[in-house]
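Residue-level listing of the chains:
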Amino acid sequence: MEGYDVVVIGGGLGGLECGYILAKNGMKVCVLERHTQLGGSLQTFRRGNVRFDTGFHYVGGMGEGEPLHRLFRYFGLLDLPWFPLDREAFDEVAIGGKTYAFANGYERFADTLAQEFPRQRARLNTYAAFLKEIGEHVFDAFRPAGVNPLYNALFARSAYEFLNETIDDPLLRDVLSGSSLKMELRAETLPLYVFAQSSGSFIQSSWRLRGGGSQIIERLAQQLRAMGGEIRTRAEVTHLTESGGRLTTVEVNGQERLSTRWVVSGVHPAYTLALIGETKCLRPVYRQRIRSLENTFGMFTLHIRLKPGALPYRNRNLFVHAKGADYWHYRPEEGVKYAMVNYYPSETGDGYAPALDILTPMHWCEVEAWKDLEAGKRGEAYARLKADRAQDCIRLVATRIPELLHCVDKTYTSTPLSYATYTHAVEGSAYGVRKDCTRPMYTMLTPRTPIPNLLLTGQSLNLHGVLGVSTTAFFTCAQLLGWETLMQDTLFPAK
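All values derive from a computational prediction rather than experimental measurement. (Residues numbered from 1 in each chain as written. Predicted model: local features only at pLDDT ≥ 70, side-chain atom pairs only at ≥ 80, totals over all residues. Heavy atoms only, no water.)

Undergrad: What is the right way to read the overall build of the chain from this model?
TA: Helix and strand counts for the chain stand at 16 helices and 19 strands. Here the chain has a C-alpha radius of gyration of 22 Å; the compact-globule value for 495 residues is 23 Å, and the two agree. Counting only residues that meet the buried cut, the chain has 60% of its 495 residues in that class. Within the chain, contacts between residues at least 6 apart in sequence are counted, and of these 72% link residues at least 24 apart. Accessible area for the chain stands at about 20,000 Å²; split by element, carbon and sulfur atoms hold 49% of it. (Helix = DSSP H or I, 4+ residues; strand = E, 2+ residues; numbered from the N terminus. Rg over C-alpha atoms; globule rule 2.2 N^0.38 Å. Buried < 20%, exposed > 50% of the residue type's maximum accessible area, 1.4 Å probe, protein only. Contact = heavy atoms within 4.5 Å. Areas by Shrake-Rupley, 256 points an atom, 1.4 Å probe, with all protein chains shown as cover.)

Structure representation (structure tokens):
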């Protein structure tokens, strides 16, 4: 039976980053991925001559000295073909026949919107200053001294209430909420920290990656293997064996067994615990807590291959909202009320977009009826649901891009069921476990579990997204390596 220092479950971003950190620090690592392709939501796929991203579209905070820049410098990812979005309008929010631009830089962001809302200038400055403060202290919660009190307080504060207290113009509140498909806007639960950290990082700077997000995964995997790490696909973890209060054996594909000193799981916490049989280490109350955690909604994505030379590329994202859209209270029965448009850059430099994605929220309950059927065998009703939702997306976006109606060559779709099938996301959740500002200590998970050598990582812990998952990977690995060993040379180098 082969032995490792660490077995990592899941070959998504968090799992590979943890594998990289641990291998770089001399540990014998094996990363196990159940599917044929690594990457989770950073997978890409080709249709004809066009490459589509599964769930990756753009990142924030990657300018010199910014949080993601520091992380990606450590991971050797800065030399990938990144390029900045339009600094004067990295996002556009279309509401009521008018478009509002989001500019990079906190002061420029506030000033640009103040030109449309002059009476809100002081409030916009307050709002931007708050986001800036959060952005400048992203790593404070991960220092050895412990969790920052401000960080704790902001997880226990409502983002929805903050926005209503800070901005008294209802339209401006809608505009500031309107680009937030990068998180689940939910009035009852969304913590202020999640809203502020995510929104602020894109205001710092916004970047696309020419050629697809799988390049991140490919680079991490290449480097991990070069450091002696092992990565295996088609390797589903089917059981974790506990003995003497620790996990000792990882069962793969129901037959092979690997011995290990540590297990790091990058998959959903509920799925992780389901791999462990009855043990005194996991009290029923802890299992019930994990099982009862709610998941964020999923996403319907319409991937559109465009006719060659038909639609000019725009170096920004567009968020289109129907009249009366309520971004903070998603109701499946209302259909498509808002959507994000992501343009793919030309790989030939001809100035035209070869493809675009349209994304809109979709709840698990809308596809749950087909969850036990194989992909490709879910029947006419499921196909009709996807086709109808695709047409609704095109109709909404065509209110702002009317020429789109004549540019479509071929369409492909994915639902939360697709994500559950191909990325193992529970209920096809787009952002992992739902963080709840009314129950922060219950819904905010730490890497530590009651089993001392089982650690968690990934988007269901502190924060989701590329920045959140990458930061959490360091937090997870610090439990093995110690803060002094890991952090001083990476996130907090000596001055």
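Undergrad: I would appreciate a short explanation of the nonpolar core in the present structure.
TA: One recurring pattern in soluble globular proteins: nonpolar side chains tend to sit buried together. If you look at the biggest cluster of nonpolar residues, it comprises 53 residues, and the most contacted ones within it are Tyr-127, Leu-176 and Trp-328. Looking at which element gives the most residues to this core, the answer is helix α8 (residues 192-204), with seven residues. Apart from residues no more than four positions distant in its own chain, Trp-328 is found in contact with Ala-159, Tyr-160, Leu-163, Ser-177, Leu-185, Arg-186, Ala-187, Leu-190 and Phe-195. One finds Leu-42, Phe-56, Leu-77 and Val-466 within the second-largest nonpolar core, a separate group that totals 50 residues. (Core = buried A, V, L, I, M, F, W, Y, C linked by side-chain atoms within 4.5 Å.)

Undergrad: Looking at this model, I keep getting lost on the pairing of strand β15 (residues 317-321). Mind explaining?
TA: Taken residue by residue, a regular strand's side chains alternate between the two faces of the sheet. Of all five residues in β15, five are buried, a share of seventy percent or more. Across the two faces of β15 the burial is the same, with Asn-317, Phe-319 and His-321 and Leu-318 and Val-320 all buried. Pairing geometry for β15 and strand β16 (residues 338-343), over five bridges, is antiparallel. Bridging from a neighbouring strand, Asn-317 pairs with Asn-342 of β16. (Pairing = 2+ DSSP bridges.)

Undergrad: Help me understand the packing of helix α1 (residues 13-24) against helix α15 (residues 465-481) in this model?
TA: Between α1 and α15, the shortest axis-to-axis distance is 9 Å and the interhelical angle comes to 40°. The pairing of α1 with α15 is recorded here as oblique in orientation. Considering only the axes of α1 and α15, their crossing is right-handed. On α15, the residues that touch Leu-13, Gly-14, Glu-17, Cys-18, Ile-21 and Leu-22 of α1 are Val-466, Val-469, Ser-470, Ala-473, Phe-474, Thr-476, Cys-477, Leu-480 and Leu-481. (Axes fitted to C-alpha atoms, helices over the stretch in contact; angles between N-to-C directions. Parallel < 35°, antiparallel > 145°, perpendicular 65-115°, else oblique. Left-handed = near helix turned anticlockwise from the far one by under 90°.)

Undergrad: Is there a simple way to explain the environment of Arg-210 in this structure?
TA: Note that Arg-210 resides in the loop between β9 (206-209) and α9 (214-226). Considering only alpha carbons, one finds Arg-210 and Pro-345, 135 residues apart in sequence, at a separation of 6.7 Å. With sequence-adjacent residues up to four places away left out, Arg-210 is seen in contact with Pro-81, Phe-83, Gln-215, Pro-345 and Ser-346. Among the polar contacts listed, one links the side chain of Arg-210 to the backbone oxygen of Ser-346, at a separation of 3.0 Å. (Polar contact = N/O pair within 3.5 Å; in protein donor to acceptor, adjacent residues only side chain to side chain.)

Undergrad: Please clarify how helix α4 (residues 121-136) should be interpreted in this entry.
TA: Because the α-helix completes a turn every 3.6 residues, residues three or four places apart line up on one side. The first and last C-alpha atoms of α4 sit 22 Å apart over 16 residues, in line with the 22 Å expected at 1.5 Å per residue. Along α4, the residues classified as buried are Leu-124, Tyr-127, Ala-128, Phe-130, Leu-131, Ile-134 and Gly-135. Viewed along the axis of α4, the buried residues span an arc of 155°, placing them on a single side of the element. In α4, the exposed positions angled more than 90 degrees off the buried face are occupied by Ala-122 and Glu-136. (Expected span 1.5 Å × (residues − 1). Arc of directions from axis to C-beta.)

Undergrad: I keep staring at the sheet that holds strand β6 (residues 82-84) and nothing clicks. Help me out?
TA: In a beta sheet, neighbouring strands are held together by backbone hydrogen bonds and run either parallel or antiparallel to one another. One open sheet holds the three strands; their spatial order is β5-β9-β6, and the pairing between them is antiparallel. Only two strands of the sheet have a single neighbouring strand rather than two, namely β5 (59-60) and β6. Pairing of β6 with β9 involves three bridges; the strand directions are antiparallel. Following the sheet pairing, Trp-82 is matched in β9 by Leu-209.

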